[in-house]
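Results of the structural survey
Below, each chain spelled out in residue letters.
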Amino acid sequence: MERIEHHASFDGWQDVYQHDSETLDCAMKFGIYLPPQAANRKLPVLYWLSGLTCTEQNFITKAAAQRYAAEHGIIVVAPDTSPRGEKVADNEAYDLGQGAGFYVDATEAPWSDHYRMYTYVVQELPALIESSFPASQRRGISGHSMGGHGALMIALRNPGRYQSVSAFSPIAAPTQVPWGQKALAAYLGADQNAWKQYDTVELIRTAKEQLPLLVDQGLSDEFLDSQLRPELLRSTCADAGHPLTLNLRAGHDHSYYFISTYIGGHIAHHAVTLNR
């Protein structure tokens, strides 16, 4: 593992590391913010999953999260969104291939050789963080858009592994919208039953742990009705009795202007549980 960026920020350090991933069979980068409290003790970790076309850079440079992470004493880890490299399969479309891993473990060629972002996020990355940094095993997870889908889905599929979860503008029901249908068909094949294990709305119906969900959604988001469908999340949670706080924010779009406006509240939400 090699540190390739090192920046002072709010009395802590915003770093970027590169390492060789066994799960993805390629070099991967992740951003990690170490707040000042990390100099003295182990801290909980919030994992942030970014959206389509993003790398680790989008969140660490645009979300303004470091201030709040320092305030609450939380390490924040932001991995890249997919495997990358010349030998890694890709597609000319922005919503498939490199930059669009969808946080699934692909089973179809050519994607199955490298696209195992689910296992990377759930197992390999936390093991690396907890063995290499002053990080405890108390974990939260959050994300935006494709990453919001990833955060909610991963928390629901792994009861007890995460103490808190939240999302901005998540793809709530990928089996029912074009982004998700395209990616899931490519990565997992034609069997739509296999898709359901990566669909938040489907998972809520059979969830064994009722971890409270915090979701913020902009009402001026250009993808609101076609790709995100928060009404499906709300109705499914209501039917299942699953705790959900869904904040619909007037005037806000799909950008990091939206995320940076409300990231402080999300980190405070995670801190309540992570620092307990």
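Residues numbered from 1 in each chain as written. Predicted model: local features only at pLDDT ≥ 70, side-chain atom pairs only at ≥ 80, totals over all residues. Heavy atoms only, no water.

1. Focus on helix α10 (residues 256–274)
The axis of α10 is deflected most strongly, by about 50 degrees, at Tyr262. Buried within α10 are the following residues: Tyr256, Phe258, Ile259, Ile263, Gly264, His266, Ile267, His270, Ala271, Thr273 and Leu274. Between a side-chain oxygen at the N-terminus of α10 and the backbone nitrogen of Tyr257 the separation is 3.2 Å; the capping residue is Ser255. (Bend = angle between axes of the 7 residues up to and from the residue. Helix = DSSP H or I, 4+ residues; strand = E, 2+ residues; numbered from the N terminus. Buried < 20%, exposed > 50% of the residue type's maximum accessible area, 1.4 Å probe, protein only. Polar contact = N/O pair within 3.5 Å; in protein donor to acceptor, adjacent residues only side chain to side chain.)

2. Describing empty space enclosed by the protein
Across all of its chains, the model carries one cavity of 30 Å³ or more by this definition. In this structure, the largest cavity spans a volume of roughly 60 Å³. Surrounding the largest cavity, Gln14, Ile32, Tyr33, Phe59, Ile60, Ala65, Gln66 and Val76 form its lining. Mapped onto the lining of the largest cavity, the elements with two or more residues apiece are β3 (26–34) and α1 (56–62). Split by residue class, the lining of the largest cavity holds six nonpolar, two polar and no charged. (1 Å grid on protein atoms, 1.4 Å probe; cavity = no way out; pocket = protein on both sides within 12 Å on 5 of 7 lines; lining within 4 Å. Points joined across faces, edges and corners; volume = space filled by probe spheres on them. Nonpolar A, V, L, I, M, F, W, Y, C, P; charged D, E, K, R; others polar.)

3. A short note on the pairing of strand β4 (residues 43–49)
With seven of seven residues buried, β4 is to be regarded as a mostly interior element. Of the pairings in the sheet, the one linking β4 to strand β6 (residues 135–143) comprises six bridges and is parallel in character. Pairing of Trp48 across the sheet is with Ser142, part of β6. In terms of strand pairing, β4 meets strand β5 (residues 75–79) through three bridges, oriented parallel. Directly across from Tyr47, in β5, lies its bridge partner Val77. (Pairing = 2+ DSSP bridges.)

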